[in-house]
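Listed below are the residues making up each chain.
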Amino acid sequence: MYAIRQITNNEVEEALALALEVFMQFEAPDYKPEGVETFKRDIVENDAFIESCKCGECPIYAAFDGNKIVGIIGMRSSKTHINLVFTKKEYHHQGIATAIFHYLLEDLRKDDPALKEITLNSSPYGKGFYLHLGFVPLSEEQEIDGIRFTPMKYVVR
């Protein structure tokens with residue numbers, strides 16, 4: 001089994017490197033070049049976002065195989081919107097992202113017992129996974145700055 005926890009500030013670069021690696025493998029092929037550049041600019045090259053992750057304002061939860069990060073889920077500072085979900089290729093279909101999501105949900109509910117919903121913008125690649133978790137689409141697929149996504153929400157029970 002894999003250890004799951006919120007990452008520390010000195011693990012942010014490793015987590016974002018994993019996000020970029022998996023994005024390039026599984027997401028980038030479905031995106032226009034503009035979308036790939038938007039992802040890089042807004043996430044892995046965005047100093048303000050990186051700093052907000054390091055200080056815990058934008059938490060990132062991870063699964064570890066030994067001391068290596070193998071999957072992540074990141075959130076915006078609102079702690080109600082997921083903006084990163086990535087698992088290394090060789091760890092797909094092992095329940096890692098599902099386990100991280102359930103851990104994240106329990107952790108968020110400790111701080112906010114009244115938490116009602118979590119939102120995200122699903123990539124085309126991830127939509128089936130989110131439907132499996134219980135997220136529901138809020139609209140049809142959209143595209144902004146080359147990023148294709150379907151807005152979705154999860155109702156916390």
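In what follows, the structure referred to is the one given above.
Right, let's walk through the structure included here. What you see is a predicted model; the values in this text were computed from it and never measured. (Residues numbered from 1 in each chain as written. Predicted model: local features only at pLDDT ≥ 70, side-chain atom pairs only at ≥ 80, totals over all residues. Heavy atoms only, no water.)

### Some points on the overall build of the protein
Just so we agree on the cut-off: A run of H or I in DSSP counts as a helix once it spans at least four residues, and a run of E counts as a strand once it spans at least two, with each numbered from the N terminus. Note that the radius of gyration is over C-alpha atoms, with the globule rule given as 2.2 Å times the number of residues to the power 0.38. Residue exposure (1.4 Å probe, protein chains only): buried if accessible area is under 20% of the type maximum, exposed if over 50%, otherwise partly exposed. Every residue pair with non-hydrogen atoms within 4.5 Å of one another is taken to be in contact. Counted charges follow a simple rule, with Lys and Arg positive, Asp and Glu negative, and His plus the chain ends left uncounted. Where a charge sits is defined by one atom per residue type, namely NZ (Lys), CZ (Arg), CG (Asp) or CD (Glu).
Per the secondary structure count, the protein includes five helices and eight strands. Its C-alpha radius of gyration of 15 Å places the protein within 12% of the 15 Å reference for a compact globule of 157 residues. Seen through its C-alpha atoms, the protein measures out along the principal axes to roughly 40 × 35 × 30 Å. Across the 157 residues in the protein, those meeting the buried criterion constitute 46%. For the protein, contacts bridging at least 24 residues in sequence account for 60% of all contacts bridging at least 6. Averaged over its 17 positive side-chain charges, the protein has a centre that lies 5 Å from the centre of its 24 negative ones.

### Concerning the nonpolar core
What counts is decided by this rule: In this description, a nonpolar core means a group of buried Ala, Val, Leu, Ile, Met, Phe, Trp, Tyr and Cys residues linked to one another through side-chain atoms lying within 4.5 Å.
Core analysis: the biggest nonpolar cluster contains 28 residues, and Leu16, Phe39, Ile72, Leu84 and Phe86 have the highest contact counts within it. Put simply, the parts of the chain that give this core at least two residues each are α1 (12–27), α2 (33–44), α3 (47–54), β2 (60–65), β3 (68–75), β4 (81–87) and β8 (147–155). Element by element, the count of residues in this core is highest for α1, at eight residues. Beyond its immediate stretch of four places on either side in the chain, Phe39 contacts Ala19, Leu20, Phe23, Val44, Leu84, Phe86 and Ile147. Counting residues in each nonpolar core, the second largest holds 25 residues, with Val70, Tyr91, Ala97 and Ile118 among its members.

### Structural notes on the side chain of Asp107
To keep things clear, this is the line we draw: For this analysis, a salt bridge means a side-chain nitrogen from Lys or Arg found within 4 Å of a carboxyl oxygen belonging to Asp or Glu.
Tracing the backbone through its elements, the reader meets Asp107 in helix α4 (residues 96–111). The buried charged residue Asp107 lacks any salt bridge, with Lys110 as its nearest oppositely charged partner at 4.2 Å. With residues near it in sequence (within four places) discarded, Asp107 still touches Gln6 and Tyr61.

### Focus on the pattern of salt bridges
Inspection of the entire model under this criterion finds eight salt bridges. The closest approach of N and O atoms between Glu11 and Arg5, which form a salt bridge, is 2.7 Å. Take Glu11: its relative accessible area is 14%, and that puts it in the buried class. On the basis of relative accessibility, which here comes to 31%, the residue Arg5 falls in the partly exposed class.

### Details of the layout of surface pockets
For clarity, the cut-off: Definitions used throughout: a 1 Å grid over protein atoms alone; a cavity as a set of points that fits a 1.4 Å probe which cannot get out; a pocket as an open set with protein on both sides within 12 Å along at least five of seven lines; a lining residue as one with an atom within 4 Å of a point. Grid points are joined across faces, edges and corners, and a volume is the space filled by probe spheres set on the points. For this scheme, ten residues count as nonpolar: Ala, Val, Leu, Ile, Met, Phe, Trp, Tyr, Cys and Pro. Four count as charged, namely Asp, Glu, Lys and Arg, and the remainder, Gly too, count as polar.
Here the largest pocket defines a volume of roughly 990 Å³. Forming the walls of the largest pocket are 38 residues, and the residues nearest its centre are Glu27, Val85, Phe86, Ser123 and Tyr130. Of all the elements, β4 adds the most residues to the lining of the largest pocket, at seven residues. Tallied by class, residues from the lining of the largest pocket come to 20 nonpolar, 13 polar and five charged.

### Thoughts on α3
Selection rule: In this context, the arc is that of the directions from the helix axis out to the C-beta atoms. Polar contact criterion, stated in full: a pair of N or O atoms within 3.5 Å, where within protein one must be able to donate a hydrogen and the other to accept it, and residues adjacent in sequence count only if both atoms are side-chain atoms.
Those residues of α3 lying buried are Phe49, Ile50, Ser52 and Cys53. On an axial view of α3, the arc spanned by its buried residues comes to 160°, and they lie on one face. Opposite the buried face of α3, by more than 90 degrees, sit the exposed residues Asp47 and Ala48. Here α3 starts with a cap whose side-chain oxygen sits 3.0 Å from the backbone nitrogen of Ala48, and that cap is Asn46.

Such coordinate-based values are descriptive only and should not be taken to indicate function.
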